[in-house]
Amino acid sequence: MKAQSWHCLVALGMCVIALIGCSSPLTSESLYQRLSLEGVPRPSRDDTSSARHPNNTDTGLPAVGITLEDLLHRAERANPELRSSRSAVGVAAGQVWQAGLYPNPSAYANSGEIDFEGDSANTVVGVSQPIVIGGRLRAAVAAADAKEAAKLADVARVRLEVFGRVAELHAHVLELDDQLELIEELISIGEQTLHIAETRFEARAASEPDVIRPRVEVHQLRADRQRLVQELAAAEKQLGFILDTDLISADRLVSRISMNPVALDDERLMAVIEERHPKLIVADREIEVAQATMERIRAERVPDLNVSAGVGYSEESDGGIAEIGIGAEIPLWDRRQGDLMSARFELMKRRQDKAAIRNRLLSELAGAKGAYDAAREQLGIIRDDVVPDAQRAFDQIDESYRAGRASFIDLLDAQRTLMQSRRTLVQLAGQASVALARISAICGTEILFDADHEQSITNTTTAPSGAEDIK
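Residues numbered from 1 in each chain as written. Predicted model: local features only at pLDDT ≥ 70, side-chain atom pairs only at ≥ 80, totals over all residues. Heavy atoms only, no water.

A. Just the overall build of the protein chain, in detail. Helix and strand counts for the protein chain come out as 11 helices and 4 strands. Residue pairs at least 24 apart in sequence account for 82% of intrachain contacts in the protein chain once pairs closer than 6 positions are excluded. Roughly 25600 Å² of accessible area belongs to the protein chain as shown, and the carbon and sulfur atoms make up 54% of that amount. (Helix = DSSP H or I, 4+ residues; strand = E, 2+ residues; numbered from the N terminus. Contact = heavy atoms within 4.5 Å. Areas by Shrake-Rupley, 256 points an atom, 1.4 Å probe, with all protein chains shown as cover.)

B. Structural view of the side chain of glutamine 129. Mapped onto the secondary structure, glutamine 129 falls in strand E2 (residues 120-131). From its side chain, glutamine 129 meets the backbone oxygen of proline 103 in a polar contact 3.0 Å long. (Polar contact = N/O pair within 3.5 Å; in protein donor to acceptor, adjacent residues only side chain to side chain.)

C. Examining helix H9 (residues 337-402) more closely. Taking 1.5 Å of rise per residue, 66 residues should cover 98 Å, and H9 covers 94 Å from first to last C-alpha, within 8% of that figure. Maximum bend of H9: about 40°, positioned at isoleucine 382. Glycine 404 sits one or two residues past H9 and shows a positive phi near 80°. (Expected span 1.5 Å × (residues − 1). Bend = angle between axes of the 7 residues up to and from the residue.)

D. Quick look at the nonpolar core. Grouped together as the largest cluster of nonpolar side chains are 70 residues, with contacts concentrated most on Leu71, Val166, Ile439 and Cys443. For this core, the leading source of residues is helix H5 (residues 136-202), giving 16 residues. When near neighbours in sequence (up to four residues on either side) are disregarded, cysteine 443 contacts Leu269, Val272, Ile273 and Leu365. Counting residues in hydrophobic clusters, the runner-up holds 14 residues, among them Leu194, Ile196, Val218 and Leu418. (Core = buried A, V, L, I, M, F, W, Y, C linked by side-chain atoms within 4.5 Å. Buried < 20%, exposed > 50% of the residue type's maximum accessible area, 1.4 Å probe, protein only.)

E. Up close: helix H6 (residues 208-242). Over its 35 residues, H6 extends 52 Å from the first C-alpha to the last, a length consistent with the 51 Å expected when each residue adds 1.5 Å. Of the residues flanking the end of H6, it is aspartate 244, one or two places downstream, whose phi is positive at about 55°.

F. A look at the packing of aromatic side chains. All told, the structure shown has 1 aromatic pair when counted by the stated rule. Relative to phenylalanine 408, the ring of tyrosine 401 has its centre 6.0 Å away and its plane inclined at 50°; by these criteria the two rings are tilted. Across the pair, exposure class does not vary: tyrosine 401 and phenylalanine 408 are buried alike. (Phe/Tyr/Trp six-rings, centres within 6.5 Å; stacked < 30°, edge-to-face > 60°.)

G. Up close: the pairing of strand E4 (residues 319-328). Across 10 bridges, strand E3 (residues 305-314) lies against E4 in antiparallel orientation. Following the sheet pairing, valine 307 is matched in E4 by isoleucine 326. Where E3 folds back on E4, the antiparallel hairpin that results is connected by 4 residues, among which aspartate 318 adopts a positive phi of roughly 55°. (Pairing = 2+ DSSP bridges.)

H. Structural view of the packing of H5 against helix H8 (residues 278-300). One can describe the packing of H5 onto H8 by two numbers: an axis separation of 8 Å at closest approach and a directional angle of 165°. As far as their axial angle goes, H8 and H5 are roughly antiparallel. Where H5 crosses over H8, the two elements pack in a sense that is left-handed. (Axes fitted to C-alpha atoms, helices over the stretch in contact; angles between N-to-C directions. Parallel < 35°, antiparallel > 145°, perpendicular 65-115°, else oblique. Left-handed = near helix turned anticlockwise from the far one by under 90°.)

Okay, structure coming up:
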């Protein structure tokens, strides 16, 4: 091969070296470091291994005295939905890297002017490289960046929903545990009353209906106790499942439902939604994704140039030859008109979606806030008026009964009214606590801590004085 062939080879090598500079400056290590700052763990290198189930015996929770904060910290670490949403950020980051990579070159070899004898006049070996023009790569990276930002914002949305469910289950477990504790006390009182009634009946000092009524009440309380035991066990399991651990029993929790829930400011709650609700932030990011996608489609309308260069040997001249070519697709029929139309409608849809999400959030807040206010107001009446009046009525009838001025039936009625008012008090406190947790699922768990929900049940739920001493 003559000297011209070497000149062609040198030119081809310089073209290849120049194209090497088109590779992306990003590296896997830099991406992993950036993701770690965003709380995204590095994936396992073993792509064939299945996800290991976390060690349920090492929950990071104390054996007793578990607070709501402890449960939320556990959810942050172990909840599968949160882990999945963080992995989705890594998926999007990989697409950012991929979007910035330059198209690969192609190698080719061809022979021309082959006669029937099998001889070839020209043999060429070369490289073909697409040259990106029109800002397509920049637009592709911008669109991928927008998708990664949307996935990162979605982590906050998932966290708020998971924390809200944890807070609601936490409140439900406390409510059921308090109801169960109260009903155990009421059963004990009812059994004592039933024993007194049976003793009076045996002494012919009371009629049979005087025995039947307290007996029915005791049976009803025992049935309610069985229902509460089953509901509590189910709620404890649900709380364990969402934390990806064993059940969290009520006796391990340190909190109690509040008997004095605070008033909440409607304007403040609505402002929280308007200003920083994760779903609205995700909607904003999705709008940015739609805008960036439309820009990417516009940039892709400019075709790439395909540059080729090769060297070879010509038998006719018995020397080296060089081959250089350039080509491009002609956007005559397909100018991405349909894709652009879809992208415009997608952008319109995303903007409408945000308005729908806002209205839905405010509607959910109105419902949860209404339930909270209703339970809170009823609780205040029962706590401040009904229970004290029922207690005074019982005390007075108990005193009259002991003095022989009231019947045993009157005493049973007064005791039943007091017991029912106390049960209603605990139920309403539980309803208010659960409604507050639902508000926190919309506006954030800081609402719970601002409301000071971890106070003990007040003395208004103690046993009615004198109930154990009915004679």
